[in-house]
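# Commentary on secondary and tertiary structure
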Amino acid sequence: MSMPPPLSPRIEATDPPPIPAARAWAARYAGGAGPAIDLTQAVPGYPPPASLLDRLAEAGGSRAAAGYGPIDGDPALREALAADAAAFYGAPLGAADVAITAGCNLAFAMAMAVLAAGAEGGVILPTPWYFNHRMALAMQGIPALPLPCRAEDGFLPDPVRLAPLLAGGARVLVLVTPNNPTGAVYPPAVIEACAALCRRHGAWLVIDETYRDFLPAAALPPHRLFQDPDWREGVVHLYSFSKAYCIPGHRVGAILAGPRMRAGLMKALDTWQICAPRPAQAALAWAVPALAAWRAGNRDLMAERAGLFRRVAAQVPGWRLDALGAYFAYLRVPEAGPDAMAVAERLATERGLLTLPGPFFGPGQERHVRLAFANAGPEAIAEVPGRLAGC
């Protein structure tokens, strides 16, 4: 029998998706500790409002939304998001800065194709990193340059450690704040120092603020990047509608960028998606202004869940909460026990608590696990100490 044709070596070298791997452990759970609690994936723990579902249904059945739309997104949604972002950041932003994408993961992959694919240098990812970012780079053959972030520093990127990577020719720095997986919120001074270093070395700053809607009101604006009149020459912003509007299945994200980057982006948009889903765009154009108060209420709800998780995590001997924010908690496993991979497998198979072990998020994470507490109600969160104890 002849050998089957090979797959792409880049795909072969890319790690498999982590969440299915972790959920496979749960298939061996016999239920002895109670119902399984799945804290692997960042999904909203409450439904979208009925008014948004009604709009989605109406748009989904409309003839207008069944056709192709503009490559960079329907104007009504671009205008709505630009107005929302302008108010959020206290900066002049317009629809010309916005492109709508079929989800934020695709937004990242397309941004990397435009900014870094086939070029010298690489892309700096602070570790622990979001695994899909690393996977997207691997698939395109773009080197990922780790920037280690330490628990003792709150998992914040250190501009002192960043500078040599930029001086060495890195092409892009990626920041995720509030962070996935740690939940850490980067202070404005840290973000702006990193942006200044990127400008000095001629590198792009790509900032993913998927979870920005869950920042406390006192922390706004989270940075002043957009108040710099020259931001369009070096900054690319990524956003997701999935979390704030509870519609991850509809796959809508956005890129904010200047005209030079957008000219290249149009090629990627036309090739990889043609247009983002039209019914969801139509519904969201209404939802962005109409659901502002609802979103603010959910921000407060998530803050309450974060506070509850902080309190219950403190009840578990040996475990240490090293970072928490927005959707995630990053816990250090007990020093005397096994590493995070073994602990996460045992939690899933014996305790019915599904977590993601730190090694899924890059090098140096063998003593941490991530828990996405946002998709669990207070009753499930209260169960977590009992599941963690003695593991």
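Scope of this entry: the structure provided in the associated data block. These numbers were taken from a predicted model, which means no experiment stands behind them.

## Things to note about the packing of aromatic side chains
If you walk through the whole model with that rule in mind, you get 14 aromatic pairs. Considering the side-chain rings of Y211 and Y327, the 5.2 Å spacing of their centres and the 50° angle between planes classify their relative orientation as tilted. Of this pair, Y211 sits in the loop between β6 (204-208) and β7 (235-240) while Y327 sits in the loop between β9 (320-325) and β10 (328-332); the two residues are 116 residues apart in sequence, bridging distant segments of the chain. Across the pair, exposure class does not vary: Y211 and Y327 are buried alike. Consider the rings of Y327 and F328, whose centres lie 6.3 Å apart with planes at 55°: the pair is tilted. Its relative accessible area of 0% is what places Y327 among the buried residues.

## Here's the deal with the sheet that holds β7
Taken in spatial order, the 7 strands of this open sheet run β2-β8-β7-β6-β5-β3-β4, and their pairing is mixed. Two strands bound the open sheet, and with one partner strand each, they are β2 (98-101) and β4 (144-148). When the angles between neighbouring strand axes are averaged without regard to direction, this sheet yields 25°. Two strands pair when backbone bridges link them, and strand β3 (residues 123-127) and strand β5 (residues 172-176) are joined in this way by 2 bridges, in the parallel orientation. Residue pairing across strands places I124 opposite L173, the latter belonging to β5. Contacting β2, β3, β5, β6, β7 and β8 (253-256), helix α5 (residues 104-115) runs over the sheet at an angle of about 160° to β7.

## A few points about helix α4 (residues 75-89)
An ideal rise of 1.5 Å per residue puts 21 Å on 15 residues; α4 measures up with 21 Å between its terminal C-alpha atoms. Taken together, the buried positions of α4 are L77, R78, A80, L81, A82, D84, A85, A86, F88 and Y89. Buried-residue contacts for α4 involve β2, β7, β8, α9 (259-272), α10 (278-290) and α11 (292-313). Of the residues flanking the end of α4, it is G90, one or two places downstream, whose phi is positive at about 65°.

## Focus: the sheet that holds β10
Paired through backbone hydrogen bonds, the strands of a sheet run either parallel or antiparallel to each other. Pairing is antiparallel in the open sheet, where 4 strands are placed in the order β9-β10-β13-β12. Each having just a single partner strand, β9 and β12 (356-357) make up the two edges of the open sheet. For β9 and β10, the ladder comprises 5 bridges, and the chain directions are antiparallel. Bridged to G325 within β10 is F328.

## Observations regarding unusual backbone geometry
The linkage connecting T177 with the following residue, P178, adopts the cis geometry, with an omega of -10°. Looking at the element boundaries, P178 is found in the loop between β5 and α8 (188-201). In the segment running from L220 into P221, the intervening peptide bond is cis, with an omega of -5°. Checked against the element boundaries, P221 lands in the loop between β6 and β7. Even without a glycine there, the phi angle at A326 is positive, about 55°. Topologically, A326 is positioned in the loop between β9 and β10. What makes A326 buried here is its relative accessible area of 13%.

## Concerning helix α12 (residues 340-351)
Among the residues making up α12, those that are buried are A340, V343, A344, L347, A348, T349 and R351. On the buried face of α12, the contacting elements are α2 (18-26), β11 (353-354), β12, β13 (368-371) and α13 (378-388). Phi turns positive one or two residues past the end of α12, at G352, with a value near 70°.

## Focus on the pattern of salt bridges
This model, assessed by the stated rule, comprises 22 salt bridges. Residue E345 pairs with R28 through a salt bridge whose shortest N-O separation is 2.9 Å. Of this pair, E345 sits in helix α12 while R28 is found in the loop between α2 and β1 (37-38), placing the two residues 317 residues apart along the sequence. For E345, a relative accessible area of 28% puts it in the partly exposed group.

Conventions adopted
Residues numbered from 1 in each chain as written. Predicted model: local features only at pLDDT ≥ 70, side-chain atom pairs only at ≥ 80, totals over all residues. Heavy atoms only, no water. Phe/Tyr/Trp six-rings, centres within 6.5 Å; stacked < 30°, edge-to-face > 60°. Helix = DSSP H or I, 4+ residues; strand = E, 2+ residues; numbered from the N terminus. Buried < 20%, exposed > 50% of the residue type's maximum accessible area, 1.4 Å probe, protein only. Pairing = 2+ DSSP bridges. Axes fitted to C-alpha atoms, helices over the stretch in contact; angles between N-to-C directions. Contact = heavy atoms within 4.5 Å. Expected span 1.5 Å × (residues − 1). Salt bridge = Lys/Arg side-chain N within 4 Å of Asp/Glu carboxyl O.

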